[in-house]
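Report on the structure
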Amino acid sequence: MNCKFFIPTFLFLSVIFFVSCGNPPPSDGTCDTIGNKTFCIPTVNVLTGEGNPEPTVKLEGHIKPLVAHNSPYWWVDGYVSSREDSRDRNRGKWYRFYNNGTFQYGMFQEEDGIGTWNYDLINETIFMKSKDGSETMQWKTMMAKTNEKTVFIGPEVGPNKGDQAMLQPYLQKPQIENITW
């Protein structure tokens, strides 16, 4: 084999392979860039579970029911805070956690953005980071034995210091008339 021909051909084919494999993520609004990483929220059929990718993060402890529960939307069904504006600001809020380490969040029917989450199993703490910073916080987690309610407890410092949120799973986003507190 002639090496003069082989090396340029190999380089040419390698470039074509890497360029064709590096397709950008879809631009249908399901992807967002945080820092230098692009995260895509998978489209999941909530009734059949189709479209749910294999987990790319370790699912253990209290995070497992949040991500693996059949009901994808976790509503803030109660919020306790010494700051009145903080309580009002969380009325109608919801989260949707994915097993690839991302989450969506919004208020009532609106989707406000996406972010990433990480879970510390030893301290039972979820760390959430959103692109705009509005959902960048940490919460200590508690889960009911039936996995039907979870409680997030804010740390001693930070934007959610001392706050407590009770979340419940639902099949859809909340309507204004659904929230009674």
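Refer to the structure above for everything that follows.
Quick caveat, the model's predicted, so the values are computed rather than measured.

Once that is clear, we can look at the overall build of the protein. Helix and strand counts for the protein come out as three helices and 10 strands. Each of the 181 residues in the protein was classed as buried or not, and the buried ones make up 36%. The contacts of the protein with a sequence gap of at least 6 include a subset with a gap of at least 24, amounting to 49%. Summed over its atoms, the accessible surface of the protein is roughly 11,200 Å², and 57% of this surface lies on carbon and sulfur atoms.

Attention now goes to the side chain of Thr-102. Relative to the assigned elements, Thr-102 resides in strand E5 (residues 102–107). Among the residues examined, Thr-102 registers a relative accessible area of 0% and is labelled buried. Engagement of the side chain of Thr-102 in a polar contact is seen with the side chain of Asn-100, the distance being 2.6 Å.

Bringing the sheet that holds strand E3 (residues 73–80) into the picture now. Taken together, the eight strands give a closed barrel; going around it, the order is E3-E4-E5-E6-E7-E8-E9-E10, and neighbouring strands pair in antiparallel fashion. The mean inter-strand angle of the sheet, taken between neighbouring strand axes irrespective of direction, is 35°. Summarising the sheet, E3 and strand E10 (residues 164–170) pair through seven bridges and their orientation is antiparallel. Within E10, the position partnered with Tyr-79 by the bridge is Ala-165.

Time to look at the nonpolar core. Tyr-95, Phe-97, Trp-117, Ile-126, Met-128 and Phe-152 are the most contacted members of the largest nonpolar core, which has 20 residues in total. Broken down by secondary-structure element, the contributors of at least two residues to this core are helix H2 (63–68), E3, strand E4 (93–97), E5, strand E6 (110–120), strand E7 (125–130), strand E8 (137–143) and E10. Residue contacts for Met-128: discarding those within four places in its chain leaves Tyr-95, Phe-97, Phe-103, Thr-116, Trp-117, Glu-135, Thr-136, Met-137, Trp-139 and Phe-152.

Conventions used here
Residues numbered from 1 in each chain as written. Predicted model: local features only at pLDDT ≥ 70, side-chain atom pairs only at ≥ 80, totals over all residues. Heavy atoms only, no water. Helix = DSSP H or I, 4+ residues; strand = E, 2+ residues; numbered from the N terminus. Buried < 20%, exposed > 50% of the residue type's maximum accessible area, 1.4 Å probe, protein only. Contact = heavy atoms within 4.5 Å. Areas by Shrake-Rupley, 256 points an atom, 1.4 Å probe, with all protein chains shown as cover. Polar contact = N/O pair within 3.5 Å; in protein donor to acceptor, adjacent residues only side chain to side chain. Pairing = 2+ DSSP bridges. Axes fitted to C-alpha atoms, helices over the stretch in contact; angles between N-to-C directions. Core = buried A, V, L, I, M, F, W, Y, C linked by side-chain atoms within 4.5 Å.

In short, shape yes, function no, at least from these values alone.
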